[in-house]
Amino acid sequence: MWQDLLNRLRLRSTNSGVYAGRWLDRPSGGEIESLNPATGEIIAKVHTGSLADFEVAASNSHAAFASWRKLPAPQRGEIVRLIGEQLRKQKDDLGLLVTLEAGKIRSEGLGEVQEMIDMCDFAVGLSRQLYGLTIASERPDHRLMEQWHPLGAVGVITAFNFPVAVWAWNAALALVCGDPVLWKPSHLTPLTAIAVQNIVNDVLESRGLAGVLNLIVGDRDVGQSIAADVRFPLISATGSTAMGKSVAVKVAERLGRSLLELGGNNGCIVTESADLDLAVRAILFAAVGTAGQRCTTLRRLIVHESRAEELIARLKKAYGNVKVGLPWEEGTVLGPLISEDAVKQFTDAIATIKQQGGEVLCGGSRIDRPGCYVQPTIVQAKPAMEIVKHETFAPILYVFTYQDLNAAIELHNNVPQGLSSAIFTERMREAEQFLSPAGSDCGIANVNLGPSGAEIGGAFGGEKETGGGREAGSDAWKAYMRRQTCTVNYGTTLPLAQGVKFDVE
Ligand code: NAD
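Quantities reported herein were computed from a predicted structural model and do not represent experimental measurements. (Residues numbered from 1 in each chain as written. Predicted model: local features only at pLDDT ≥ 70, side-chain atom pairs only at ≥ 80, totals over all residues. Heavy atoms only, no water.)

*Asks:* For this particular structure, what's the right way to read the sheet that holds strand β9 (residues 213–216)?
*Replies:* One key point about sheets: their strands pair by backbone hydrogen bonds, in either a parallel or an antiparallel sense. On the basis of which strands lie adjacent, the open sheet formed by six strands has the order β2-β9-β8-β7-β10-β11 and mixed pairing. Looking at the sheet topology across the chains shown, the edges are occupied by β2 (18–19) and β11 (257–261). Judged from the four bridges that link them, strand β7 (residues 154–157) and strand β8 (residues 181–184) form a sheet pairing that is parallel. From the neighbouring strand, valine 154 faces β8, where its bridge partner is valine 181. (Pairing = 2+ DSSP bridges. Helix = DSSP H or I, 4+ residues; strand = E, 2+ residues; numbered from the N terminus.)

*Asks:* Even after reading the chapter, I still don't get the domain arrangement of the chain, so can you show me in this structure?
*Replies:* A common way to state how big an interface is: give the accessible area lost once the parts meet. Once the domains are mapped, the chain shows domain 1 (14–262 + 467–484) and domain 2 (266–455). Inter-centroid distance (C-alpha atoms) of domain 1 to domain 2 is 30 Å. Of the residues lining the interface, 20 residues belong to domain 1; the matching set on domain 2 comes to 22 residues. Both sides of the domain 1 and domain 2 interface together cover about 1,600 Å² of buried area, and 66% of this is carbon and sulfur. Taken together, the links from domain 1 to domain 2 amount to one salt bridge. (Domains from an automatic or database assignment. Contact = heavy atoms within 4.5 Å. Buried area = accessible area lost by both parts, 1.4 Å probe. Salt bridge = Lys/Arg side-chain N within 4 Å of Asp/Glu carboxyl O.)

*Asks:* What is the right way to look at the site of the ligand in this model?
*Replies:* Around the ligand lies a shell of 26 residues, among which Thr158, Lys184, Ser240, Leu262 and Glu391 are the nearest. In this structure, an oxygen atom belonging to the ligand sits 2.8 Å away from a main-chain N or O atom of threonine 158. Interatomic distance of 2.8 Å between a backbone N/O atom of leucine 262 and a nitrogen atom of the ligand. In isolation the ligand offers 850 Å² of accessible surface; the protein chains occlude 90% of this area. Those elements that provide at least two residues to the shell around the ligand are α8 (220–228) and α9 (241–253). Considered class by class, the residues forming the shell around the ligand number 11 nonpolar, 11 polar and four charged. Counting only domains with at least three residues in the shell around the ligand, you end up with domain 1 (14–262 + 467–484) and domain 2 (266–455). (Near = heavy atom within 4 Å. Polar contact = N/O pair within 3.5 Å; in protein donor to acceptor, adjacent residues only side chain to side chain. Areas by Shrake-Rupley, 256 points an atom, 1.4 Å probe, with all protein chains shown as cover. Nonpolar A, V, L, I, M, F, W, Y, C, P; charged D, E, K, R; others polar.)

*Asks:* Any chance you could explain the sheet that holds strand β14 (residues 359–362) here in plain terms?
*Replies:* Spatial strand order, β14-β15-β16-β13-β12-β18-β19: seven strands in an open sheet with mixed pairing. Each edge of the open sheet is held by one strand with a lone partner, namely β14 and β19 (444–447). Within the sheet, the average angular offset between the axes of one strand and its neighbour, ignoring direction, is 25 degrees. By the bridge criterion, five bridges tie strand β12 (residues 266–270) to strand β13 (residues 298–304) in an arrangement that is parallel. Residue pairing for β13: cysteine 268 is matched across the bridge by leucine 301. Across the face of the sheet, helix α13 (residues 405–413) comes into contact with β12, β13, β16 (396–402) and β18 (420–424) while running at roughly 170 degrees to β12. The sheet contacts of helix α14 (residues 428–435) involve β12, β18 and β19, and relative to β19 the element is tilted by about 175 degrees. (Axes fitted to C-alpha atoms, helices over the stretch in contact; angles between N-to-C directions.)

*Asks:* Where do I start with helix α11 (residues 305–320) in this structure?
*Replies:* Owing to its 3.6 residues per turn, the α-helix brings residues three or four apart onto one side. With 16 residues, α11 ought to run about 22 Å at 1.5 Å a step, and its terminal C-alpha atoms sit 23 Å apart, in line with that. Considered for burial, the residues of α11 that qualify are Arg307, Ala308, Leu311, Ile312, Leu315, Ala318 and Tyr319. Buried positions along α11 lie against β12, α10 (276–288), β13, β14, β15 (377–380) and β16. (Expected span 1.5 Å × (residues − 1). Buried < 20%, exposed > 50% of the residue type's maximum accessible area, 1.4 Å probe, protein only.)

*Asks:* I would appreciate a short explanation of unusual backbone geometry in the present structure.
*Replies:* Positive phi, normally seen in glycine, also occurs at alanine 291, with a value near 50 degrees. The topology assignment puts alanine 291 in the loop between α10 and β13. Of note in this structure, glutamine 498 is not a glycine but carries a positive phi near 60 degrees.

*Asks:* What is the right way to look at a nonpolar patch on the surface in this model?
*Replies:* On the surface, Leu494, Leu496, Val500, Phe502 and Val504 cluster together into a nonpolar patch covering about 560 Å² of accessible area. Relative to the assigned elements, phenylalanine 502 resides in the segment after β23 (481–489). Given the relative accessible area of 68%, phenylalanine 502 is considered exposed. (Patch = residues over 30% accessible without salt bridge, like charges linked within 9 Å, V, L, I, M, F, W, Y side chains within 5 Å.)

*Asks:* How should I be thinking about the environment of leucine 419 in this particular structure?
*Replies:* Tracing the chain through its elements places leucine 419 in the loop between β17 (417–418) and β18. Residue class for leucine 419 comes out buried when judged on its relative accessible area of 2%. Measuring from C-alpha to C-alpha, the distance between leucine 419 and glutamine 498 comes to 42 Å, with 79 residues separating the pair along the chain. Dropping the residues within four chain positions of it, leucine 419 is found in contact with Leu262, Gly264, Asn266, Cys295, Thr296, Cys442, Gly443, Ile444, Phe460, Gly461, Gly462 and Thr466.

Okay, structure coming up:
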């Protein structure tokens, strides 16, 4: 059924999963199957990379740095512009492949590719704006300045739920900053990665730049090898907090740099004054969209007690109208979870919720149809329930009530994660309190919109167990470069800083 799509994206029934300046003929890490989570069918197979294949890809990425860093940044930007153009041309097909392999509904699959295009556009502009500072020197006839240099090859480890956009957040910036990339995608979404590599190869190979962007589909051992390897001065890792803790240690052991984008457990406060029309729509998208499989998915709703009954009633009604279906079908709002494992995590979580005193208000079960479908679920929760502190990667929304905004903010912040947050209020003071230093402790804080669905223009990332990394817009590019502080003495004396004297006759 999907053969034409696979052909257009140059995917075969069995594919090489390793690109190191060229596709390796038969990587030796074993064969995996890419499954369609909506049907359970095999889409295609992939030969994954072994540690020996990793060595080829790593040395190739490292070698590419020598010449790539010398190309002027605006010329690197031109390459990224061309990549963006190719993505524009193939947006429809690549978006559909995201839908097929990751189970995202059609508009979200397309949205992911649009995010890649947006990142390319952003990076092209940035390629002429990698500014340093000039700083007033305390010494006469001295110039003090900062400049930014390419860092080296970047290891990019990505999660299944944004199978292509997160690569683009990293790769577009890394490229203009002068850094080659070795990408290790999730083993659950290898085909989207191979399709992206095919698309970028059209640009890179025709310009003699093969090897600036490389790919290795592999398991955790490959991820650990990238993390441990000094040829990658920066490791950007997106995934669960457990993965981040393990990668962070490996990178720290060799004093490398890590950029971590890990799990979220995002909250939203709905105040007494909130516009519930806005809130209901935002909550629905944030809690049910992507079947609850976004790092920014809304998981905890903290509602003023005077509005709880009405809000819950409206949400239950809206949840009842969610159209479940095949993700590529028009009108579908809720597609599948990524895998049988994910369904099990959902059903285990529901059992734990009940044990811990939570009340399932709607949903709570697997949907009886082929594929990995579960019901969007609302739970009346209690703050003492241990499970609400954990991220279950599924559409489960915990509801709490509050009386006092200070207490609501405290409850909101009382989880190990710190990615995204939101408040719905018509009162300026409440909004400002939420955004103040004593307000939300997250990397992202929104007023009158949900916690999910960020634009690329801002720096994206979160605090605490979310890992502290920032990617995409604003000045996130600085993570991909090394800062050099330079002082030039254009005088004829040698004054020392801090007035130190060191005169020797
Ligand atoms: P995961 O942690 O299972 O896997 C992510 C990636 O890490 C995969 O490529 C995997 O092969 C690799 N990996 C796993 N363990 C590893 C290890 N010990 N060493 C090296 N590599 C390892 O995550 P997932 O299930 O693919 O994705 C869902 C998770 O990702 C959720 O927790 C979600 O919140 C998080 N996420 C965070 C962001 C963000 O920006 N903060 C974005 C997307 C997803």
